[in-house]
Amino acid sequence: MPFSSIRSRLSSYRRQNDDAEVAIVGQQRRRRTEYEDDEDLTTTAAAADDTDRRIIFLNRPQIQKFCNNNISTAKYSFISFLPSFLFEQFRRYSNCFFLLIALLQQIPDVSPTGRYTTLVPLIFILSVSGIKEIVEDIKRHRADNEINHRMVEVLRDGAWTSVRWRDIGVGDIVKIPNNIFFPADILLLSSSEPQAMCFIETANLDGETNLKIRQGVPATAKCLETKDLLQLDGTVECELPNRHLYEFNGVLKESNKPTVALGPDQILQRGAVLRNTAWIFGVVIYTGHDTKLMKNSTSAPLKRSTVDTVTNTQILMLFVILVVLSLTSAILNFFWTRDYAKVFWYLGISEDIKSKNAGYNLLTFFILYNNLIPISLQVTLELVRFLQAIFINFDIHMYYAETDTPAMARTSNLNEELGMVKYIFSDKTGTLTRNVMVFKKCSVARYMYEPGNTPEESTIVQNLLGNHNTAPIIREFLTLLAVCHTVIPEKFDDGSIIYHAASPDERAIIEGARMFGFIFESRTPHYVEINALGRIERYEILNVLEFTSTRKRMSVIVRTPSGEIKLYCKGADTVIYERLSPDGQMYRDTTLHHLEEFASEGLRTLCCAVSVIPEDVYNEWKETYHKASTALQYRERKVEDASNLIENNLILLGATAIEDKLQEGVPETIASLLEAGIYIWVLTGDKQETAINIGYSCKLISHSMDIIILNEGSLDATRDIIHRHVDELKSSDMKECNVALVIDGQTLKYALSCDLKQEFLELCLVCRVVICCRVSPMQKAEIVECVTQATGAVTLAIGDGANDVAMIQKSHVGVGISGVEGLQAACASDYSIAQFRYLKRLLLVHGAWNYSRITKLILYSFYKNVCLYVIELWFAIYSGWSGQILFERWTIGLYNVMFTALPPFALGLFDKVCSAETMLKYPQLYKPSQDAKLFNVKVFWVWILNALSHSVWLFWLPMLMTRESVWSDGKTSDYLFLGNIVYTYVVVTVCLKAGLITNSWTWMTHASIWGSIAMWFVFMVIYSNFWPTIMLAPIFLGMDRMVFSTIVFWLGLLLIPITTLLPDILLTIVHNTVFKSLTEAVRESEIRRYDPENVIRESKTSLSETARLLRSVFTRRANTRVETELELSHGYAFSQEEGGAVPQSVVIRAYDTNLPKPEGN
């Protein structure tokens, strides 16, 4: 644009503003009158609401007692443990059932199995569970104590004293040094920086990577020494504690001084970190659970796994069956007694006994059949889960040596849930990224450059010094990097310089300029100095045109050492390109190509341009800009319009490429998780461009994906856009589209409203990837809760900051990233890992293994109990439905404790479908556990029916075999002889059944199966000879000789277990031959030492041509913003606070880095 055109636009712009000002002055007069009329009413209302505020006295004891600064994320306290633990335990129907049985057994002459056979195991189970919960909660208390015992300096009795965080109180004056977390919500008084400014990092609160500026009020800004603080006298009045992170209202009332208003710009919140500031002084406003951070947290929930929930429901069904069996048996006993009481007169069944026995018989059968529900299951599960958690803790492949941080299972109740995850909700900053920006590449005048080890080794510097034909452009480009920014340098005595930047992008650019020999050395309110390859150059800063998300660029207007006025501008390619002059587009196409190349590598890009401004044009524009910046109304819009007037006629110099460093292994981990069928949502408080850029760099979003961006400012607009996209996706006839959905926090608020929530979730669930930007901690939790309720799928949330605690607690499984500065997410999590990449092994290996192990353990436990105890039902047919037990009392009790206790442990601890290497290499193997194919209602009842059929074979075959047994001493077989033979065959059968379902045989597996069988035979020999040496089991005397001396027993031992298991063996053979699953095929390849790659390849190519065609149906561009899409494809991203306490242009004017900073003593 010619400069004459700029002059004419300036004249037109001034005339329009003059007319507008007249109207504005009249409006303001009317509003001032209205305000003065309302002022008395406001004062009266404030007086009435005196109880709804907090009054804090400065340098005086507090009248009111406030919450202490001790925080706890643990599940239990000393007082709450017993009621909370018992509530959690008796949420399980099985424990309620066994408590009922234990109470019934205390009734005299009712229990056929003794009074304590259920009570003692129940107490043991609860004790083991309690010890496990205590051990796990102690870990949480230790993590809390690590935070509560951090030290901070507090002004007490006129001197600075180091106290623990937990001992800080409301009204304390504290001193916080650089790079330290704030221990409470603090009112900023003063700082080492000019005008009481300080920089804070809130990534732990809201996920934003840029630094924010906070500024104390002028009344306290001069309190730079201890004596100044001691002279403070007055009160701080503020609102009561609340959860609004970005809101605060209060006043500072110093004695004999005017009242000063306080707002969110003076508050330093717990969880934030002081950055780029030597120290600050502040007054503690909110402590402990009153802080805004803790107000956004919820109490630690009592989580239950999906497997536990399914098991609980099936136990209820078994309980119904048990009641039916008990009633049926009691009724049959009534009929048998009525018909045979006189026939079998020697039993002594009188009429009185008949009427009395009815109720007793019902309770007797109820107790007799209670073992259909295995009491040992709970203690076995608790111990197995506890040991599985130890396996996770000691997994060397999830140990991070740099910070000496192992993986930590903070709860073991959810081990199998790790194998069923369908949705992952991840934070960005600190979880996917390291929040470290690095200058990687640049494009200048058609050439691409990378930094060298020294400036002289860099090609760009060599071209500059060698007078390459692009040398003038190179010099302008490097000067722009060193001058166009809002960075504050700090020089040390040894000559080293560190840069304090509110934007991590700007720090990276300055470091990039330094690597090319253009070093930014000092800043004063009026100029900056740079060292350009050994030559000091001074540039006068005339104006700074700040970055905003609307402008997508920032500019500085400087006077060069030669006296020229230049405008240096950097920003998104779309806004820079449209402002280029006709003569400034020489490198347009090549730079655009380079931008696309940078973006494909996941780098953050900015375009750089320059313009030379004539003196008279600048002077005329300066007046316009000054008038806009002092406008009474619509100031922001007018300043933006004025900036647009000068940011034209640009000459393109090139582009920068910055890497937002990812955590190691993030792209590979995400690719594997997506391949495993897991949906990944990114929920972050950071800017939209930054979040999408990270989506590209970590391969969550591919360039072939369509991107739907929802940035609406009203409910109606949000409704319209959601309905339109839902209709478009529905028309594609696909359940899942290759689409990424991006939505900001404001639009999300409308989308989650009652009348839109269902349609929004419908849209989200058909998208492959969802990214939510600028979301609050509670919005994160709300999203997790909505998806959990809408899908019924298992959800996992992972994060590293305090802003992630709410979603970690709302999800089925919460994973915290530990080993970084903030530990709150790790403390509140169920599992903690040091790096995001370890999530792959946690889910695909430990999750899949534990799911398979736990489900087999549960199914096998029910199987073996039904197999034995239903035999009591078959025996009742022959015992006149009397409730007589077939087995000796203590053998019944020891069945689960000794003779079949080890196989479930072997299954739960050592069984694995495939090796860890195979599970990691082929993520598809995760899908059977994810889809709950190994444990559901159908599978459960198939196992129960299988156990019933086995019990039939195991009772009637021995019954037929031993009917006519007579020994040489004249003894004949009795019920106990039959019972011991049946018991032996049951033990052998159920142990062999464990071997049949075992996938991975170890020496422990062999020991558990064969050892259990051997244990029963040894026990039988010893127990048969107790009497009379030990006054126990007289009816068992000589039973070993009776059983072992008959050939019928040994013949049955060989044939009956095999006959019982033969259908199972045949079904297994047929299944593994004809209906072989992918997992079984891969396991078979492992056993045969073949490469499973062929099996995986065959499964991938087995999709029909129709299915493949359907996957490519959705090719329509769904994006609502073409310009945004273009920027994303070119990698634009820039992180800097907008609308902060102090504008960046004011910040840099306040600094003179040549002057020393106050010490704060």
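Residues numbered from 1 in each chain as written. Predicted model: local features only at pLDDT ≥ 70, side-chain atom pairs only at ≥ 80, totals over all residues. Heavy atoms only, no water.

### Examining the overall build of the protein chain
Next up, step 1: Along the backbone of the protein chain there are 42 helices and 33 strands.
Next up, step 2: Across the 1161 residues that make up the protein chain, the buried fraction comes to 56%.
Next up, step 3: Look at the contacts in the protein chain between residues 6 or more apart in sequence, and 76% of them connect residues 24 or more apart.
Next up, step 4: Of the roughly 48100 Å² of accessible surface on the protein chain, a fraction of 58% belongs to carbon and sulfur atoms. (Helix = DSSP H or I, 4+ residues; strand = E, 2+ residues; numbered from the N terminus. Buried < 20%, exposed > 50% of the residue type's maximum accessible area, 1.4 Å probe, protein only. Contact = heavy atoms within 4.5 Å. Areas by Shrake-Rupley, 256 points an atom, 1.4 Å probe, with all protein chains shown as cover.)

### Observations regarding the nonpolar core
Next up, step 1: Core analysis: the largest hydrophobic core is formed by 158 residues, its most contacted members being Ile424, Leu796, Leu839 and Leu843.
Next up, step 2: Mapping this core onto the domain boundaries places at least three of its residues in each of domain 2 (375-387 + 844-1092) and domain 3 (422-432 + 663-811).
Next up, step 3: Apart from residues no more than four positions distant in its own chain, Leu839 is found in contact with Ile424, Leu673, Leu796, Ile798, Val815 and Ile833. (Core = buried A, V, L, I, M, F, W, Y, C linked by side-chain atoms within 4.5 Å. Domains from an automatic or database assignment.)

### Focus: the sheet that holds strand β10 (residues 260-262)
Next up, step 1: Pairing is antiparallel across the open sheet formed by four strands, whose spatial order is β1-β8-β9-β10. Both edges of this open sheet fall to β1 (53-58) and β10, since each of them pairs with a single strand only. Mean inter-strand twist for the sheet, computed between neighbouring axes without regard to direction, equals 20°. (Pairing = 2+ DSSP bridges. Axes fitted to C-alpha atoms, helices over the stretch in contact; angles between N-to-C directions.)

### Regarding the UniProt feature "active site" (unreviewed entry) in the protein chain
Next up, step 1: Per the UniProt record, "active site" (unreviewed entry) is found at Asp427.
Next up, step 2: Its location among the elements puts Asp427 in the loop between β15 (421-426) and β16 (433-444).
Next up, step 3: Once residues lying within four places of it in the same chain are set aside, the contact partners of Asp427 are Leu432, Leu683, Thr684, Lys780, Ile798, Gly799, Asp800, Asn803, Asp804 and Met807.
Next up, step 4: At 3.3 Å, the side chain of Asp427 forms a polar contact with the side chain of Lys780. (UniProt positions renumbered as here; feature names shortened; annotations may be inferred. Polar contact = N/O pair within 3.5 Å; in protein donor to acceptor, adjacent residues only side chain to side chain.)

### Topic: the packing of helix α2 (residues 81-89) against helix α4 (residues 119-148)
Next up, step 1: Relative orientation of the contacting elements α2 and α4 amounts to 120°, with a least axis distance of 11 Å. In terms of their interaxial angle, α2 and α4 are classed as oblique. Crossing angle aside, the handedness with which α2 passes α4 is right-handed. Residues Phe81, Phe85 and Gln89 of α2 touch α4, and the partners they reach there are Leu126, Ser129, Gly130, Glu133 and Ile134.
Next up, step 2: Residues that form the contact of α2 with α4 fall into these classes: four nonpolar, three polar and one charged. (Parallel < 35°, antiparallel > 145°, perpendicular 65-115°, else oblique. Left-handed = near helix turned anticlockwise from the far one by under 90°. Nonpolar A, V, L, I, M, F, W, Y, C, P; charged D, E, K, R; others polar.)

### Quick notes on the pattern of salt bridges
Next up, step 1: If you walk through the whole model with that rule in mind, you get 49 salt bridges.
Next up, step 2: Its salt-bridge partner being Glu146, residue Arg150 comes within 3.7 Å of it at the nearest N-O pair.
Next up, step 3: Taken together, the salt bridges that share partners define one network made up of Lys75, Lys132, Glu133 and Glu382. (Salt bridge = Lys/Arg side-chain N within 4 Å of Asp/Glu carboxyl O.)

### Here we look at the confidence of the model for the protein chain
Next up, step 1: Confidence in the prediction for the protein chain averages 83 pLDDT; 87% of positions are at 70 or higher.
Next up, step 2: Across the protein chain, strand β13 (residues 279-286) holds the top mean pLDDT of 95, while helix α40 (residues 1105-1111) sits lowest at 38.
Next up, step 3: Across residues 31-49, confidence stays below pLDDT 50; counting only partners more than four residues off in sequence or on other chains, it has one contact.
Next up, step 4: Every residue in residues 1102-1123 scores below 50 in pLDDT, and together they form 38 contacts with partners more than four places removed in sequence or on other chains. (pLDDT = per-residue confidence, 0-100.)

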